[in-house]
Amino acid sequence: MQQAIPYKSWVPLYTNTNNPLANTSTNNLVDTKQVLKGSKNMATMVQENAIIVFARRGCCMSHVVKRLLLGLGVNPPICEIDEEDEISVLQELEMIVNKVGSGNNNKRVQLPGVFIGGRLFGGLDRLMATHISGELVPILKEAGALWL
């Protein structure tokens, strides 16, 4: 089985004028506060990727999501979130999902969160349910994440 080419490579979280990688500490670690600063970067990641997964670092459910999508031939970007950044990232994702004027002002994002085609698809339970019912592959094809 051949591995699928990703829809789009990972969206850079910085521009040439605002490079968070330049803000490294003495032990050469990237300052995550600078990388995750503002909803604009996360909104851009959600909108410009056919599929993207936001998950806790080391979570077994995110591993299942990743393995399922890789088994289907989709190579999704996975944004792993540290425990100390989880609340702020969830708030930013909920702001993206519950945009003003969309009428959906009460959707909650839980990790792992799968976004397909710029919209919140759901978590592991919805992904597995649509896969078992046979509806996942057409959804992925329509979003541009799968070309077969």
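Note that the structure is a prediction, hence the values are computed from the model and not measured. (Residues numbered from 1 in each chain as written. Predicted model: local features only at pLDDT ≥ 70, side-chain atom pairs only at ≥ 80, totals over all residues. Heavy atoms only, no water.)

## Regarding the state of the cysteines
Here a disulfide denotes a covalent bond joining the sulfur atom of one cysteine to the sulfur atom of another.
Here comes step 1: A complete count under the given rule lists zero disulfides for this structure.
Here comes step 2: With no disulfide of its own, C60 lies closest to C59 among cysteine sulfurs, the gap being 5.0 Å.
Here comes step 3: We classify C60 as exposed; its relative accessible area is 58%. (Disulfide = S-S within 2.5 Å. Buried < 20%, exposed > 50% of the residue type's maximum accessible area, 1.4 Å probe, protein only.)

## A word on the confidence of the model for the chain
Here comes step 1: Summarising the model, the chain shows a mean pLDDT of 76, and 68% of its residues fall at 70 or more.
Here comes step 2: Here helix 1 (residues 32–35) is the element of the chain with the lowest mean pLDDT, 46, and helix 5 (residues 124–133) is the one with the highest, 94.
Here comes step 3: This model gives residues 5–36 a pLDDT under 50, and the stretch forms 43 contacts once residues within four places in sequence are excluded. (pLDDT = per-residue confidence, 0-100. Helix = DSSP H or I, 4+ residues; strand = E, 2+ residues; numbered from the N terminus. Contact = heavy atoms within 4.5 Å.)

## Thoughts on the nonpolar core
What tends to happen in soluble globular proteins is that the nonpolar side chains get buried as a cluster.
Here comes step 1: In terms of nonpolar packing, the biggest core is built from 18 residues, with I51, L69 and L140 touching the most fellow members.
Here comes step 2: Those elements that place two or more of their residues in this core are strand 1 (51–56), helix 3 (60–72), strand 3 (113–116), helix 5 and helix 6 (136–143).
Here comes step 3: Broken down by element, this core gets its largest block of residues, four residues, from helix 3.
Here comes step 4: The residues contacting L140, other than those within four sequence positions of it, are I51, L69, L72, V74, I116, A145 and L146.
Here comes step 5: Core analysis: the second largest hydrophobic core is formed by 16 residues, I52, F54, C79 and L93 among them. (Core = buried A, V, L, I, M, F, W, Y, C linked by side-chain atoms within 4.5 Å.)

## Details of the pattern of salt bridges
Here comes step 1: Throughout the structure, instances matching the rule amount to four salt bridges.
Here comes step 2: Residue R57 pairs with D82 through a salt bridge whose shortest N-O separation is 2.6 Å. Pair noted here: R57 is in the loop between strand 1 and helix 3 and D82 is in the loop between strand 2 (78–81) and helix 4 (86–97), with a separation of 25 residues, a long-range link.
Here comes step 3: Counted as one network, the salt bridges with shared partners bring together R57, E80 and D82. (Salt bridge = Lys/Arg side-chain N within 4 Å of Asp/Glu carboxyl O.)

## Things to note about the layout of surface pockets
Here comes step 1: In this structure, the second largest pocket occupies an estimated 250 Å³ of space.
Here comes step 2: Taken together, 14 residues line the second largest pocket, and the ones lying closest to its centre are Q110, P112, G122, G123 and D125.
Here comes step 3: Here the residues of the lining of the second largest pocket sort into seven nonpolar, three polar and four charged. (1 Å grid on protein atoms, 1.4 Å probe; cavity = no way out; pocket = protein on both sides within 12 Å on 5 of 7 lines; lining within 4 Å. Points joined across faces, edges and corners; volume = space filled by probe spheres on them. Nonpolar A, V, L, I, M, F, W, Y, C, P; charged D, E, K, R; others polar.)

## A closer look at the packing of helix 3 against helix 6
Here comes step 1: Packing of helix 3 against helix 6 leaves a shortest axis separation of 12 Å and a crossing angle of 75°. With respect to helix 6, the axis of helix 3 lies roughly perpendicular. Of the residues in helix 6, those touching helix 3 at L68, L69 and L72 are L136, V137 and L140.
Here comes step 2: Residue composition of the contact of helix 3 with helix 6, grouped by class: six nonpolar, no polar and no charged. (Axes fitted to C-alpha atoms, helices over the stretch in contact; angles between N-to-C directions. Parallel < 35°, antiparallel > 145°, perpendicular 65-115°, else oblique.)

## Observations concerning the pairing of strand 2
Here comes step 1: Covered by surrounding structure in strand 2 are C79 and I81 only, the residues I78 and E80 on the alternate face being uncovered.
Here comes step 2: Taken together, strand 1, helix 3 and strand 2 constitute a β-α-β crossover, and its handedness is right-handed. (Right-handed = clockwise from strand over helix to strand, strands pointing away.)

## A look at a nonpolar patch on the surface
Here comes step 1: Judged by side-chain polarity, V64, M128 and I132 come together as a nonpolar surface patch covering roughly 270 Å² of accessible area.
Here comes step 2: Tracing the chain through its elements places I132 in helix 5. (Patch = residues over 30% accessible without salt bridge, like charges linked within 9 Å, V, L, I, M, F, W, Y side chains within 5 Å. Areas by Shrake-Rupley, 256 points an atom, 1.4 Å probe, with all protein chains shown as cover.)

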